[in-house]
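Per-entry structural report
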Amino acid sequence: MRLSIKAMHYFLTAVDRCSIVQAAQERNVVPSAIATAIDAVEDEFGLKLVQRFPAKGIQPTAAGIIIAQKIRRLIEEYDDLIIGGNELRDALSGKLSIGYYAPMAPAFLPATLAPLMQDNPGIRLQCIECNDESAQLGLLDGTFDVIVFVSDSVHLGVSCDTLIEAPPYLLVPPTH
């Protein structure tokens, strides 16, 4: 018979609390479930791992202390595995195609993309310089996943968030 993670959790909680009843309360199960888990762990190893004292709780044996330490490390590794697997599932990956209007890109792309890349190492970027019109058309036809552009005229179907409000300006020579 192989031990379940649940049985190991129950055993470890009982050893940590030195009490079947307290372990059952903490795990929100009946005391017999904890006692059965202790029996299962003892049967698996063929060792007496706890001494039971009626009305006083339990005490781990020397072998019980060693097994509890090993189970604790195993459970920590198992928890890390589950967390890591969930992070992989939730991480973004694949190619992200970005169309950008060149004068605007230096102001926003590095600061925006750095944390995205750090948190999602599976992303590959494809940045393509274009003008406002081709950026919007590329977003609409699927060429780009996201665009950075400047425009007073946003195409129907393009949803945008304003990154900055800037007044119009004109540079001319002093002799103009």
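Heads up: these notes are all about the structure in this document. Everything numeric in this text was worked out from a predicted model, so none of it was measured.

Re the environment of isoleucine 164
- Positionally, isoleucine 164 belongs in the segment after β5 (146-148).
- Counting along the chain gives eleven residues from isoleucine 164 to serine 153, while the straight-line C-alpha distance between them is 16 Å.

Quick word on a nonpolar patch on the surface
- Taken together, the side chains of Tyr78, Leu81 and Ile82 define a hydrophobic patch exposed on the protein surface, amounting to about 280 Å² of accessible area.
- With respect to the helices, strands and loops of the structure, tyrosine 78 is situated in helix α4 (residues 62-90).

Re the sheet that holds strand β4 (residues 122-130)
- Spatially, β4-β3-β5 is the arrangement adopted by the three strands of the open sheet, whose pairing is parallel. One side of each edge strand has no neighbouring strand; the edge strands of this open sheet are β4 and β5. Each adjacent strand pair in this sheet contributes to an overall mean axis angle of 25 degrees, direction not counted.
- Pairing geometry for strand β3 (residues 93-101) and β4, over nine bridges, is parallel. Across the sheet, serine 97 pairs through a bridge with glutamine 126, a residue of β4.

Digging into helix α1 (residues 5-17)
- Helix length check: α1 (13 residues) gives 18 Å between terminal C-alpha atoms against 18 Å at 1.5 Å per residue, within 8%.
- Along α1, the residues classified as buried are Ala7, Met8, His9, Tyr10, Phe11, Leu12, Thr13, Ala14 and Val15.
- At the exit of α1 stands cysteine 18, carrying a positive phi of roughly 55 degrees.

Topic: the state of the cysteines
- This structure, assessed with the given rule, holds zero disulfides.
- Looking at cysteine 127, it has no disulfide partner, and the nearest cysteine sulfur is the one in cysteine 130, 11 Å off.

Concerning the packing of helix α2 (residues 20-27) against helix α3 (residues 31-45)
- Running from amino to carboxyl end, α2 crosses α3 at an angle of 110 degrees, the nearest separation of the two axes being 8 Å. The angle between α2 and α3 places the two elements in the roughly perpendicular class. Remark: the crossing between α2 and α3 carries right-handed chirality. Contact with α2, carried on its side by Ile20, Ala23, Ala24 and Arg27, involves Pro31, Ile34, Ala35 and Ile38 of α3 and no other residues of that element.
- Its residues assigned to classes, the contact of α2 with α3 comprises seven nonpolar, no polar and one charged.

Conventions we followed
- Residues numbered from 1 in each chain as written.
- Predicted model: local features only at pLDDT ≥ 70, side-chain atom pairs only at ≥ 80, totals over all residues.
- Heavy atoms only, no water.
- Helix = DSSP H or I, 4+ residues; strand = E, 2+ residues; numbered from the N terminus.
- Patch = residues over 30% accessible without salt bridge, like charges linked within 9 Å, V, L, I, M, F, W, Y side chains within 5 Å.
- Areas by Shrake-Rupley, 256 points an atom, 1.4 Å probe, with all protein chains shown as cover.
- Salt bridge = Lys/Arg side-chain N within 4 Å of Asp/Glu carboxyl O.
- Pairing = 2+ DSSP bridges.
- Axes fitted to C-alpha atoms, helices over the stretch in contact; angles between N-to-C directions.
- Expected span 1.5 Å × (residues − 1).
- Buried < 20%, exposed > 50% of the residue type's maximum accessible area, 1.4 Å probe, protein only.
- Disulfide = S-S within 2.5 Å.
- Parallel < 35°, antiparallel > 145°, perpendicular 65-115°, else oblique.
- Left-handed = near helix turned anticlockwise from the far one by under 90°.
- Contact = heavy atoms within 4.5 Å.
- Nonpolar A, V, L, I, M, F, W, Y, C, P; charged D, E, K, R; others polar.

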